[in-house]
Amino acid sequence: MPAEIFIVSGFLGAGKTTLIQKLLRETFQNNKVVLIENDFGEISIDAALLKSGGIEVREINSGCICCSLAGNFLQALKEILDRFQPEKLLIEPSGVGKLSDVLTACNHTAIKPLAEIKRKITVVDVKRCKMYAENFGEFFEDQVKKADVVMLSRTDLFPDRTEDACRVIRSLNPGAALFSKPWDQIHADEILAAGANGEADSIPARSAPRFSVTFGKSILKDGEHQVYTPGFEETHHHSTAEEIFDTITIETERIYSTEDLTARMAALTDDTKGFILRVKGILPIDGGYVNLQYLPGDLQITACDTRGGALSIIGQNLAQQEIIRLFNQELKG
């Protein structure tokens, strides 16, 4: 039987990893699952977080699989399918990748006998929906237009923005199944069953206004989930993530405090070091580790059981050396 492919797309910080955890927990827990997980950058913070949830993680060189999906990605995808023969294949493209590029690879004649796409799910953050559509339309719109299911995230936190987000989505993709309820009110089975008829629970719209892979050794044990993190090499074709976005990876053994990290993040986002779109990392503090997550206007630093010492930053016009110094130097009190 061909593997079933489920693609979970979405712009930076929309909630893709959270949705994947929900799918694995509520629907795929008894299936043999391979998860292709990638980040735009040199490390995969999400892969580490997924590993902490009981999923075996094996990384190759991380990067953006959506920038140029040609022969190398096809070779990687085919080898994964041949080698592990999963029942379900979950693909989480980078937040700054294009869903259309992933679909091109998955629909290739070399892949079709081995796997078929079952659902193309895009997660959209209602708080930042309009901002991303206006500023990064080429990437954001591609993710929405190519989806057959759209999941709105953070509707419980920003209910006043839900209707506007629904209108944006409907203007881009009138036929998609659109979920606007808080996710704890939706079972994963409902999400996967939607898409065939375009119906879900959404508020009706009033108007429609380069990559290369090097395989390392890895083993998929029965009942475990395997995470691959493909990488990229610089290529030149129109509107790649590398051309539009900057990325910085900071690896550190420094012991921080929550107050210290909050101060450093305030300095990072003071508009003098570039446009910061996304920051995530697992960092050591006294007595443990914290999971740092930043989106424009939203910083969260929470206790974390996963060990780590790295920070990934994505943005535009980033002052790389200043940012690296910011997280490595002593702050002046």
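Model, not experiment: these values are computed from the prediction.

A. Region of the structure containing the pairing of strand 2 (residues 33-37). For strand 2, a buried count of five out of five residues is recorded, marking the element as mostly surrounded by other parts of the structure. Of the two faces of strand 2, the one lined by Val 33, Leu 35 and Glu 37 and the one lined by Val 34 and Ile 36 are each fully buried. Across five bridges, strand 2 lies against strand 4 (residues 88-92) in parallel orientation. Looking at the pairing, Glu 37 lines up with Glu 92 of strand 4.

B. Examining the sheet that holds strand 12 (residues 275-285) more closely. Read across the open sheet, the five strands follow the order 11-15-12-13-14; overall the sheet is antiparallel. Each having just a single partner strand, strand 11 (246-251) and strand 14 (298-304) make up the two edges of the open sheet. Between one strand axis and the next, the sheet turns through 10° on average, direction left out of account. Where strand 13 (residues 288-295) lies against strand 14, seven bridges are found, and the strand directions are antiparallel. Looking at the pairing, Leu 295 lines up with Asp 298 of strand 14. Relative to strand 14, helix 10 (residues 258-268) is tilted by about 155°, and along the sheet it contacts strand 12, strand 13, strand 14 and strand 15 (310-316). Against the sheet, helix 11 (residues 320-328) touches strand 11, strand 12 and strand 15, its axis set at about 25° to strand 11.

C. Geometry of the packing of helix 6 (residues 137-145) against helix 7 (residues 162-172). Axis separation between helix 6 and helix 7 bottoms out at 9 Å; the angle between their running directions is 75°. Classified by the interaxial angle, the pair formed by helix 6 and helix 7 is roughly perpendicular. Contacts between helix 6 and helix 7 pair Phe 140, Glu 141, Val 144 and Lys 145 from the former with Val 168, Ile 169 and Leu 172 from the latter. A breakdown of the residues in the contact of helix 6 with helix 7 according to their chemical character gives five nonpolar, no polar and two charged.

D. Spatial organisation of the pattern of salt bridges. Across all of its chains, the model carries 13 salt bridges by this definition. A salt bridge links Lys 120 to Asp 148; the nearest nitrogen and oxygen atoms lie 4.0 Å apart. Of this pair, Lys 120 sits in strand 5 (residues 115-125) while Asp 148 sits in the loop between helix 6 and strand 6 (149-153), placing them 28 residues apart in sequence. Here Asp 148 falls in the buried class, since its relative accessible area comes to 16%. Three or more residues are tied together by salt bridges with common partners; here these are Lys 22, Arg 25 and Glu 26.

E. Local environment of the confidence of the model for the chain. Mean pLDDT for the chain: 77, with 74% of residues reaching 70 or above. No element of the chain has a lower mean pLDDT than strand 8 (residues 211-212), at 27, and none a higher one than strand 6, at 97. Taken as a whole, residues 52-71 scores under 50 in pLDDT and shows 82 contacts with residues more than four places along the chain or in a different chain.

F. Broad picture of the packing of aromatic side chains. Taken as a whole, this structure holds two aromatic pairs when the rule is applied. Aromatic pair Phe 6 and Phe 28: ring centres 5.1 Å apart, planes at 50°, arrangement tilted. Here Phe 6, found in strand 1 (residues 3-10), pairs with Phe 28, found in the loop between helix 1 (16-26) and strand 2; they are 22 residues apart in sequence, far enough to count as distant. Residue class for Phe 6 comes out buried when judged on its relative accessible area of 5%. Since its relative accessible area comes to 2%, Phe 28 is described here as buried. For the ring pair Phe 11 and Tyr 132, a centre distance of 4.5 Å and an interplane angle of 50° mean the geometry is tilted. Of this pair, Phe 11 sits in the loop between strand 1 and helix 1 while Tyr 132 sits in helix 5 (residues 129-135), placing them 121 residues apart in sequence. Judged by its relative accessible area of 2%, Phe 11 is buried. Directly above the aromatic system of Phe 139 lies the positively charged group of Lys 98, at a separation of 5.5 Å from the ring centroid.

G. Fine view of the packing of helix 10 against helix 11. Running from N to C, helix 10 and helix 11 cross one another at 165°; their axes reach a closest spacing of 10 Å. Relative to helix 11, the element helix 10 is oriented roughly antiparallel. The interaxial crossing formed by helix 10 with helix 11 has right-handed handedness. Between helix 10 and helix 11, the residues in contact are Arg 264, Met 265, Ala 267 and Leu 268 and Ile 323, Leu 326, Phe 327 and Asn 328, respectively. Across the contact of helix 10 with helix 11, the residue classes tally to six nonpolar, one polar and one charged.

H. Main features of the environment of Arg 278. Position of Arg 278 relative to the elements: it lies in strand 12. Distance from Arg 278 to Pro 296, taken between C-alpha atoms, is 7.4 Å for residues 18 residues apart in sequence. Apart from residues lying up to four places away in sequence, Arg 278 is in contact with Leu 12, Gly 13, Gln 293, Tyr 294, Leu 295, Ser 312, Ile 313 and Ile 314.

Parameters and conventions
- Residues numbered from 1 in each chain as written.
- Predicted model: local features only at pLDDT ≥ 70, side-chain atom pairs only at ≥ 80, totals over all residues.
- Heavy atoms only, no water.
- Buried < 20%, exposed > 50% of the residue type's maximum accessible area, 1.4 Å probe, protein only.
- Helix = DSSP H or I, 4+ residues; strand = E, 2+ residues; numbered from the N terminus.
- Pairing = 2+ DSSP bridges.
- Axes fitted to C-alpha atoms, helices over the stretch in contact; angles between N-to-C directions.
- Contact = heavy atoms within 4.5 Å.
- Parallel < 35°, antiparallel > 145°, perpendicular 65-115°, else oblique.
- Nonpolar A, V, L, I, M, F, W, Y, C, P; charged D, E, K, R; others polar.
- Salt bridge = Lys/Arg side-chain N within 4 Å of Asp/Glu carboxyl O.
- pLDDT = per-residue confidence, 0-100.
- Phe/Tyr/Trp six-rings, centres within 6.5 Å; stacked < 30°, edge-to-face > 60°.
- Lys NZ or Arg CZ within 6 Å of the ring centre and 35° of its normal.
- Left-handed = near helix turned anticlockwise from the far one by under 90°.

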